[in-house]
Structures are given as structure tokens and as C-alpha cells.
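Listed here are the chains, written in short residue letters.
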Amino acid sequence: MNGKKSNKWVFRFMILLIIIVCGVGGYYRYYSAISDKSVISRTLYSTIRLFGASFDIDYGKAAALEDSVAVIAALEIAKWLAIFITGHVIFKLLRPYLSRFFVAFGLFAWGHKKRQVLIIGNNSNNLNIYRTVKKPYSPLLLADSLEDCEALSEQGIRAATVANRKKGGASSDYRGTGKWLRKVLERAVSRGERCTVIINTGNDEDNLNISKTAVEWLSGYLSEYRSRINDPDIPDPDKAGDRRYIVSVFEKIRIYVFGDRAHQAVYGEFQKNSAGVLNYINKYRLVAFDFVENNPLTEYIGKETFSKFFSNAAVSRDFDFNVIMLGFGEINREILSVSVANNQFSEQNPGGIPALKKVNYHIFDRDKTVIDRNLSNTLLRYEKEFLYDIGSGLLDKNDYSDLPDTPANIYQEYLDVNDTEFNKRLKYICTANPNSENHVIVAIGGDLENMDVAQRLSEKKKEWGIDNVRIFARVSGGSMFKTDYYTFGNEEKLVYDYNMICRNKFEELAIRRNLMYDYENNRINKKPASYEELETLAKSNWYVTMDSNKRLSNFYSILSLRMKLQLLGLDCREGDKPENAGEAVTSNEEYFDIYAGSYRPTVAMARSGENGKDIYSYDELPQKSEFEKGGVRSSLTVQEHYRWNAFMVSCGFIPQSIGKTLEKGSKSYEEKTHANLSSFEGLFQYRKAMAEHLDCEQSDTDVIKYDCQLMDDAWWFLDSKGYKVFRRW
């Protein structure tokens with residue numbers, strides 16, 4: 001680079017010298033012809049004579065004898081070229097200062113926008129996020145050098161920097177970014193403006209350090225309001241203003257920080273202590289969420305198969321689900337965890353409570369150490385640690401409510417696609433039970449390799465003459481061809497997109513789902529004066545007191561909605577329904593006819609406002625006999641408990657002993673234990689033991705009602721956010 005720059009300046013100097021030499025003679029002649037000799041002209045004339053005398057340029061005199069028009073033209077050209085080059089040199093000298101001015105001016109203008117989006121880190125992924133931010137939101141990219149800002153401005157991207165280093169330093173300098181971010185948030189909070197911050201520098205230590213200063217300030221700023229809300233000595237009516245204010249802040253200030261899956265526990269702890277401000281973004285989880293949301297195991301089952309093997313939202317014992325994972329890298333590990341937490345079914349059990357219908361997961365990978373520390377401490381903790389201790393006598397099974405089964409059958413297949421036995425084993429899994437649904441997920445390497453394997457499997461599928469196999473290839477850059485298989489995992493659309501990071505509607509649905517819990521509890525315990533107060537109570541709980549695991553639980557419950565609706569012969573979509581779908585379910589009443597029949601909840605508070613909902617009463621004690629009948633609402637209630645169990649297991653929770661529950665309460669987020677992590681039968685045992693301990697009615701200690709709420713409220717909160725519920729056929 002230095003050599004090229006040096007050559008460029010030598011060339012420019014030579015051109016300037018030639019222009020001066022060629023123009024000197026002409027000006028000499030031109031000067032002798034004019035009568036009005038100004039001071040400037042005389043000075044320049046003297047300089048020219050000195051130049052000519054020094055270098056003895058007689059050819060300059062000869063040039064002066066030429067035609068005066070040509071001489072004057074040459075002189076003018078020389079003059080303006082000299083002015084241009086001089087100006088260019090001056091601009092080069094002033095450019096750093098001008099750049100700083102324009103960067104500072106752009107930052108000042110952005111700081112007065114009402115809806116700010118700050119993206120920290122200069123990389124191609126963040127550039128894609130920047131370009132997906134639409135009006136009325138105003139984005140700003142925070143780079144780590146002035147040179148970066150100049151390059152970004154040439155691409156039409158508003159950028160700023162607070163770094164102290166120059167380009168080419170050993171590492172990025174983000175030491176001042178956290179303090180600067182704190183000032184940005186202070187201003188946004190004081191003005192009541194919206195500010196979304198996305199932190200993705202590519203370095204986890206930088207990400208956490210930047211987040212820390214901002215989160216500590218915001219937590220401290222809100223600590224007084226939070227302490228007043230949690231103070232039992234302050235009457236509820238006096239807390240109303242604090243609740244409304246703290247909700248308004250949290251609804252407008254959001255921080256999303258990207259992090260490596262290998263450091264998931266660190267980010268999880270940081271998120272837990274961030275007072276609801278920080279949201280940890282694991283890009284593989286975003287891909288897994290999208291995959292599970294759009295490809296539930298019931299998605300591709302036809303009407304004939306559905307009528308034969310599915311009834312009352314439960315699955316026949318003769319039907320199987322198989323998920324075959326080819327490769328077990330980061331993406332398939334996350335898909336396994338999210339899928340197990342979501343893919344839970346109840347099995348038809350005439351005369352008894354619906355049993356758990358397990359999905360079979362077959363992991364094809366030669367590596368015998370594919371289970372990493374994340375899975376060992378989360379999804380597999382219950383089986384490999386807790387049940388091992390029960391089996392070895394280290395823990396007494398009688399100290400607990402009836403224990404749940406493991407949420408899935410997970411098999412390690414020590415083969416890969418290059419092994420000669422692979423095709424035989426794959427064919428056996430898919431054909432052992434002709435009444436099965438089989439999903440094959442290919443994520444063994446790069447995009448082309450995944451597509452190549454998926455295409456070969458598509459050909460094998462035709463060769464074997466089976467049509468109950470769906471093949472999915474992970475293609476991070478998007479599919480390039482029309483294929484016989486499905487593709488997923490386009491990171492540009494699923495990960496590095498502003499709307500996918502914030503998932504505004506998805507988050508709003510999760511908040512609304514949690515409101516349903518709080519509505520029912522607060523209706524009885526706090527007796528709010530109005531529907532609006534009820535909503536404020538619920539939202540302040542979401543932001544002020546809730547554990548991050550519980551927030552995540554609400555996201556997973558929303559993720560399970562499509563599969564639950566499909567078990568009813570229904571489905572949902574945002575906006576218009578698919579062309580080949582049946583009639584829309586246009587009212588909550590019509591939905592309840594399909595979902596609950598005569599077994600409906602009692603309305604305690606009637607619908608209020610355009611988007612209001614009926615508040616249901618769950619005072620009546622759910623009886624075991626009702627679930628043994630095997631009705632639709634009962635089956636989905638049981639299934640929801642199995643799904644919640646699977647989610648808690650996927651987060652690393654284990655059952656809590658009865659003795660500890662009676663002594664300290666039903667759960668410990670610190671120790672990751674929960675008393676309701678049990679079979680469905682165990683929920684009846686729990687409410688009986690708690691009622692005897694507290695000397696109250698069992699209806700006061702019942703938790704089964706919470707498993708009803710998701711589907712009881714599903715049509716309302718889907719409809720309120722623009723989703724249509726429709727019949728599949």
C-alpha cells in the first residue's frame with residue numbers, strides 16, 4: 001500500500017512540474033503585453049524571471065512569441081489545474097478533521113431521532129442487520145475506527161465511533177463504548193424515546209463488557225421503582241404509577257447481545273441478572289426456533305393418515321415419529337434441544353390418563369464425544385444425573401412425587417453418510433413401522449455438501465418407494481435450486497435481520513401468554529379495580545420480578561401452538577391463510593366448539609375493549625375422571641404438561657423433593673429444581689400434599705389449571721396480533 005501511494009504522489013508532482021514549465025513562457029509573454037501591471041502580476045513576473053534565470057529556460061521566451069490566444073488558453077488551463085491540485089492537497093490534509101465533523105454531525109442528528117436502533121460492531125452480519133431496519137426506526141452502526149466510518153458512509157450507512165485507536169491496531173478498542181452507550185440510554189429514558197441496541201462485535205468478551213456498563217446503569221436507575229413495587233408495606237394503589245412507569249421504560253429500551261453457544265451459561269447468568277433488559281441471542285437457537293416453528297412433526301401428515309391415527313388431539317400407539325439427524329454439530333445440537341422441548345404428544349389410553357408419546361431421535365455421527373457440556377448440563381441432566389442417582393440409590397424415589405418419564409428416546413448411531421451400513425440403517429428406521437412420520441435433518445458440513453447428501457437421499461427415497469420421509473438440508477446461504485427436499489437455515493433472513501432478532505410479534509404473544517397466568521391469579525388475590533390495572537400488574541411482573549427461565553418458558557409455549565392446533569385439525573398463519581386451507585375459524589365461540597365442546601372454562605370477567613378477553617375462572621377443582629375420559633381439551637391439557645416437563649428438562653431442571661417443597665416452596669431457580677416436574681399423576685399428589693400442609697382446600701393448591709390456559713386463550717391472543725386460525729382441510 002505504501003509503495004502505491006508513493007508512486008501516485010510522484011506522478012502527480014511530475015504533472016504539476018510539466019504544467020508550470022509549459023506555462024511560464026506564455027505568462028512571460030502575456031505579462032509584457034498588458035498595461036495594467038498589478039502588484040500580484042509584478043510579483044509573479046519577478047518570480048518567473050527568477051525561475052527562468054535559475055534554470056535558463058530560453059524556450060520559455062520562444063513560447064511567448066507564439067500566438068497569444070493559444071498562450072492565454074494554456075495559461076488558464078495551467079492556472080486551474082494548479083488550483084485543483086492545490087485544493088486536492090489541502091483537502092487531503094483536512095480530510096481527517098472533516099470526517100470527524102461529519103461523523104459527529106451524523107451522530108448528533110441520530111441522537112434526536114424518536115426511534116433509535118444502535119448496532120455495535122462493524123462486520124458483514126451487522127451491515128445486513130442495518131439494511132433490514134425500516135422506517136420509522138433510525139439505525140446507526142458503531143464502528144471501531146474513523147476509517148471504518150468513512151468507508152461505511154460511502155455505502156450510505158450512518159456510522160460513528162468512540163474508539164481511541166487508529167486502524168491497524170492489534171485489537172478492537174471498546175473500552176469507551178459501554179460508557180457512551182450508557183449516555184445514549186440515559187437520554188432515551190429521559191425523553192421517553194425508543195432505543196434498541198444490538199451488540200455483535202464478534203468477540204464475546206467485548207460483547208459482555210459493553211453490555212455490563214449499560215445494564216448496570218439501567219438496573220440501578222430502576223432499582224428504586226422495583227423496590228417500591230416489591231415492598232409489601234406499600235399499598236397496591238400507591239404502586240400503580242411506579243408499575244406504569246417501569247413498564248413504559250422496558251417496552252421502549254431493549255438490548256440484544258449475540259454470543260457463542262459455547263459460552264451459553266455465562267450469557268444466561270448475565271441475562272438473569274439484567275432485570276429483564278438484556279436478551280441473549282444464540283444464532284443457532286434462532287435457526288432452530290424457525291425450523292421447529294415452520295416444520296412441526298404434524299405439518300406434512302395428510303387428512304387420511306390424520307383421521308386414522310389421531311383422535312381427540314392424541315396419537316395412536318400404532319403410530320411413530322422419527323427424527324433422524326445427520327451430523328451433530330452446533331446447529332443439530334440446538335435443533336435437538338428445541339425439538340425435544342416442543343415435540344411432545346399424548347398417547348391414546350382408553351380408560352386412563354393419556355400417556356406420553358415419545359419421539360425417537362437418531363443421531364448419526366461417528367464421533368463418540370458428540371455430547372458437549374451444554375447438553376450434559378441441560379437436556380441430559382435429568383436422565384444422566386438425576387435418574388442415575390435414583391437408580392444407584394443415592395436418592396430415594398419415595399421422596400418425590402411420581403417422576404416423569406424422559407421426554408424423548410435419543411439414540412446414538414455411530415455411522416455417517418460415508419459408511420457402507422448407513423443406507424441400510426436409515427432405510428430400516430424409516431420402514432420398520434410403515435405408520436410413521438420421518439424427518440431427516442442434514443447438517444454435516446457446508447451448504448453444497450448438505451445439498452448433495454439431501455439430493456442423494458431424495459433419490460434413495462424414490463428407490464425405496466416410501467413417501468413418509470421429509471428431508472431437510474441446512475443451507476445457510478439459501479437454496480440455489482428447485483429441489484426434491486426442503487431447505488432451512490438461511491442466516492441472512494433468520495439471524496441477521498432486525499425483525500427476526502427482535503421478534504416483536506412473537507415476543508408480544510409470549511407476554512400475552514404470561515398475562516393469562518397473572519390475570520387469573522391477580523383476579524383472586526389482588527382484586528384490581530379495572531381491566532387496564534390487571535394488564536399493568538401482569539406486565540410489571542414480566543419485567544420486574546420474573547426469572548429469565550420463566551420468560552423463556554412463555555416463548556416455548558408459543559412455539560408449540562401450531563402443532564397443538566394441527567392436532568385439532570386446525571392451523572394458524574399471520575395474515576392471509578394458504579390457498580389450499582379450509583374455512584377460517586372466525587370467532588372464539590367457533591374455536592371452543594372444536595376445542596372444548598361442553599367442557600369449557602367459566603367466564604369470571606367479561607371481555608373488555610376491542611382487544612380485551614374474557615377472564616376465566618379455574619376455581620373448580622379438575623378431577624382425574626375428566627382426564628380419563630380422553631376428551632380433546634383434556635388430552636391437550638395433559639400434553640401441555642408433558643411439553644412443560646420437556647422444556648424444564650431441556651433447561652437442566654430436575655424434580656424437587658416433597659420435603660423441600662413443603663419447607664421452601666415449589667421451585668428454586670438457583671438450584672434448578674421444581675416440584676411440578678412430575679408425571680401428570682404427580683400433579684394430583686402435589687396439590688393434595690400442599691393442601692394438607694397449608695390446611696386449605698385442594699383447589700387453592702391446584703396447578704393443573706395452568707396447563708389448560710394456553711389453549712383456552714389461544715384463539716384470542718392469536719387473533720389480537722393478526723393471526724388467522726383456519727381448518728387444515
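See the structure printed just above.
Scoring rules and cut-offs
Residues numbered from 1 in each chain as written. Predicted model: local features only at pLDDT ≥ 70, side-chain atom pairs only at ≥ 80, totals over all residues. Heavy atoms only, no water. Helix = DSSP H or I, 4+ residues; strand = E, 2+ residues; numbered from the N terminus. Buried < 20%, exposed > 50% of the residue type's maximum accessible area, 1.4 Å probe, protein only. Contact = heavy atoms within 4.5 Å. Areas by Shrake-Rupley, 256 points an atom, 1.4 Å probe, with all protein chains shown as cover. Phe/Tyr/Trp six-rings, centres within 6.5 Å; stacked < 30°, edge-to-face > 60°. Lys NZ or Arg CZ within 6 Å of the ring centre and 35° of its normal. Pairing = 2+ DSSP bridges. 1 Å grid on protein atoms, 1.4 Å probe; cavity = no way out; pocket = protein on both sides within 12 Å on 5 of 7 lines; lining within 4 Å. Points joined across faces, edges and corners; volume = space filled by probe spheres on them. Nonpolar A, V, L, I, M, F, W, Y, C, P; charged D, E, K, R; others polar. Expected span 1.5 Å × (residues − 1). Axes fitted to C-alpha atoms, helices over the stretch in contact; angles between N-to-C directions. Salt bridge = Lys/Arg side-chain N within 4 Å of Asp/Glu carboxyl O. Arc of directions from axis to C-beta.

Enquirer: Just to check I follow, could you spell out the overall build of the protein for this structure?
Expert: When you go through the protein residue by residue, the secondary structure sums to 31 helices and 23 strands. Across the 729 residues of the protein, 52% fall into the buried class. A separation threshold of at least 6 residues defines the contact pool for the protein, and within that pool the share at least 24 residues apart is 71%. For the protein, the accessible area works out to roughly 34900 Å², and carbon and sulfur atoms hold 51% of it.

Enquirer: Just checking my understanding: could you explain the packing of aromatic side chains for this structure?
Expert: Any pair of aromatic rings gets described here by the distance separating the centres and the angle formed by the planes. Applying the stated rule across the entire model yields 32 aromatic pairs. Arranged with centres 5.2 Å apart and planes meeting at 90 degrees, the rings of Phe386 and Tyr400 form a pair that is edge-to-face. Taken together, the residues Phe386 in helix α15 (residues 381–391) and Tyr400 in the loop between α15 and β13 (409–413) connect sequence positions 14 residues apart. In this pair, the class of Phe386 matches that of Tyr400, namely buried. Here Phe627 and Phe680 contribute two aromatic rings whose centre-to-centre distance is 4.9 Å and whose plane-to-plane angle is 65 degrees, an arrangement assigned as edge-to-face. Highlighted residues: Phe627 in helix α25 (residues 624–628) and Phe680 in helix α28 (residues 680–694), separated in sequence by 53 residues. Accessibility assignment for this pair places Phe627 and Phe680 in one class, buried. Put simply, the rings of Phe306, Phe309, Phe310, Phe319, Phe321, Phe345 and Trp729 touch in pairs and so form one group of aromatic residues. Lying over the aromatic face of Tyr137, Arg115 brings its terminal NZ or CZ to 5.5 Å of the ring centre. A cation sits over an aromatic face here: Lys624 above Phe684, 5.5 Å from the ring centre.

Enquirer: Is there a simple way to think about the pairing of strand β9 (residues 320–326) in this case?
Expert: Within β9, six of the seven residues are buried, leaving the element largely enclosed by the surrounding structure. Two strands pair when backbone bridges link them, and β9 and strand β12 (residues 360–364) are joined in this way by five bridges, in the parallel orientation. Looking at β12, one finds that Leu326 is bridged to Phe364.

Enquirer: Explanation requested: the layout of surface pockets in the structure shown.
Expert: By volume, the largest pocket is sized at about 1200 Å³. In terms of lining, the largest pocket is formed by 45 residues, of which the most central are Gly268, Gln271, Tyr280, Arg285 and Leu552. When grouped by side-chain class, the residues that make up the lining of the largest pocket number 18 nonpolar, 15 polar and 12 charged. Space inside the second largest pocket adds up to approximately 970 Å³. Residue lining of the second largest pocket: 37 residues in total, with Asn521, Lys550, Lys667, Val703 and Tyr706 positioned closest to the centre. For the lining of the second largest pocket, the secondary-structure elements that each account for two or more residues are α20 (504–525), α22 (548–559), α26 (632–650), α28, α29 (698–701) and α30 (705–712). Of the residues contributing to the lining of the second largest pocket, the split by class is 12 nonpolar, 13 polar and 12 charged.

Enquirer: Can you walk me through the environment of Met711 in this structure?
Expert: With respect to the helices and strands, Met711 occurs in helix α30. For Met711, a relative accessible area of 2% translates into the label buried. Taking the C-alpha atoms as reference points, Met711 and Arg513, 198 residues apart in sequence, are found 9.9 Å from one another. Excluding residues within four positions of it along the chain, Met711 makes contact with Leu561, Lys564, Leu565, Leu568, Tyr591, Tyr595 and Leu636.

Enquirer: Even after reading the chapter, I still don't get helix α9 (residues 236–252), so can you show me in this structure?
Expert: Side chains of residues three or four places apart in an α-helix project in the same direction, reflecting 3.6 residues per turn. Here α9 spans 24 Å end to end across 17 residues, near enough to the 24 Å set by a 1.5 Å rise per residue. Among all positions in α9, only Lys239, Ala240, Asp242, Arg243, Ile246, Val247, Val249 and Phe250 are buried.

Enquirer: Teacher, can you tell me more about the sheet that holds strand β16 (residues 486–488) here?
Expert: Strands belonging to one sheet form pairs held by backbone hydrogen bonds; the direction of such a pair is parallel or antiparallel. Read from one edge to the other, the open sheet built from six strands follows the order β13-β12-β9-β14-β15-β16, with strand pairing classed as parallel. Looking at which strands have only one partner, the edges of the open sheet turn out to be β13 and β16. Geometrically, the sheet is characterised by an average inter-axis angle of 20 degrees between neighbouring strands, direction not taken into account. In the sheet, β12 pairs with β13 via five bridges, with the strands oriented parallel. Across the sheet, residue Ile363 finds its bridge partner in β13, namely Gln412. Sitting on the sheet, helix α17 (residues 447–464) is in contact with β9, β14 (436–442) and β15 (469–474), with an inclination near 170 degrees to β15.

Enquirer: Mind showing me how you'd approach the sheet that holds strand β5 (residues 253–258) here?
Expert: If you trace the six strands from one edge of the open sheet to the other, you get β3-β2-β1-β4-β5-β6, paired in parallel fashion. The sheet terminates laterally at β3 (159–161) and β6 (278–281), the two strands that pair on one side only. Adjacent strand axes in the sheet meet at a mean angle of 20 degrees, parallel and antiparallel pairs treated alike. Looking at chain direction, strand β1 (residues 115–120) and strand β2 (residues 138–143) are connected through five bridges and run parallel. Residue pairing across strands places Leu118 opposite Leu140, the latter belonging to β2.

Enquirer: What is the right way to read unusual backbone geometry from this model?
Expert: Excluding glycine, residues mostly have negative phi values, and the peptide bonds linking residues are mostly trans. Cis rather than trans, the peptide bond between Lys135 and Pro136 has omega equal to 10 degrees. Among the structural elements, Pro136 can be located in the loop between α5 (124–131) and β2. With a phi close to 55 degrees, Asp695 is a non-glycine residue in the positive phi region. Assignment of secondary structure puts Asp695 in the loop between α28 and α29. The class of Asp695 is exposed, set by a relative accessible area of 72%.

Enquirer: What is the right way to look at the pattern of salt bridges in this model?
Expert: Pairs can form between side chains of opposite charge whenever their charged atoms are close. Within this structure, the stated rule accounts for 40 salt bridges. In this structure, Lys114 engages Glu193 in a salt bridge whose closest nitrogen and oxygen atoms are separated by 4.0 Å. With Lys114 in the loop between α4 (68–110) and β1 and Glu193 in the loop between α7 (177–191) and β4 (194–199), the pair connects residues that are 79 residues apart, well separated along the chain. For the salt bridge of Lys688 with Glu692, the shortest nitrogen-to-oxygen distance reads 2.8 Å. Taken together, the positions of Lys688 and Glu692, both in helix α28 and four residues apart, correspond to about one turn of that helix. Its relative accessible area of 42% is what places Lys688 among the partly exposed residues. Several salt bridges converge on common partners, so that one network encompasses Arg261, Arg285, Glu330 and Glu334.

Enquirer: Explain the environment of Gln455 to me, please; I cannot follow it from the model alone.
Expert: Checked against the element boundaries, Gln455 lands in helix α17. Given a relative accessible area of 27%, Gln455 falls into the partly exposed group. Considered as a pair, Gln455 and Ala473 are 18 residues apart in the sequence and their alpha carbons are 9.2 Å apart. Beyond its immediate chain neighbours, meaning those up to four positions away, Gln455 contacts Asp484 and Tyr485.

Enquirer: Please explain the pairing of β5 as it appears in this structure.
Expert: Consecutive side chains of a regular strand alternate in pointing toward one face of the sheet and then the other. Of all six residues making up β5, six are buried, and the element is well covered by its neighbours. Alternating residues of β5 divide into Ile253, Ile255 and Val257 and Arg254, Tyr256 and Phe258, and every residue in both groups is buried. Two strands pair when backbone bridges link them, and β4 and β5 are joined in this way by five bridges, in the parallel orientation. By the bridge assignment for β5, Thr196 is matched with Arg254.

Enquirer: What is the right way to read helix α24 (residues 588–595) from this model?
Expert: Every buried residue of α24 is listed here: Asn588, Tyr591, Phe592 and Tyr595. The buried residues of α24 occupy an angular sector of 100 degrees when projected down its axis, which confines them to one face. Buried residues belonging to α24 abut α23 (561–567), β17 (570–574), β19 (615–617), α26, α30 and α31 (714–719). Just downstream of α24, Gly597 is the residue with a positive phi angle, here 60 degrees.

Take it as geometry only, folks, not as evidence of what the structure does.
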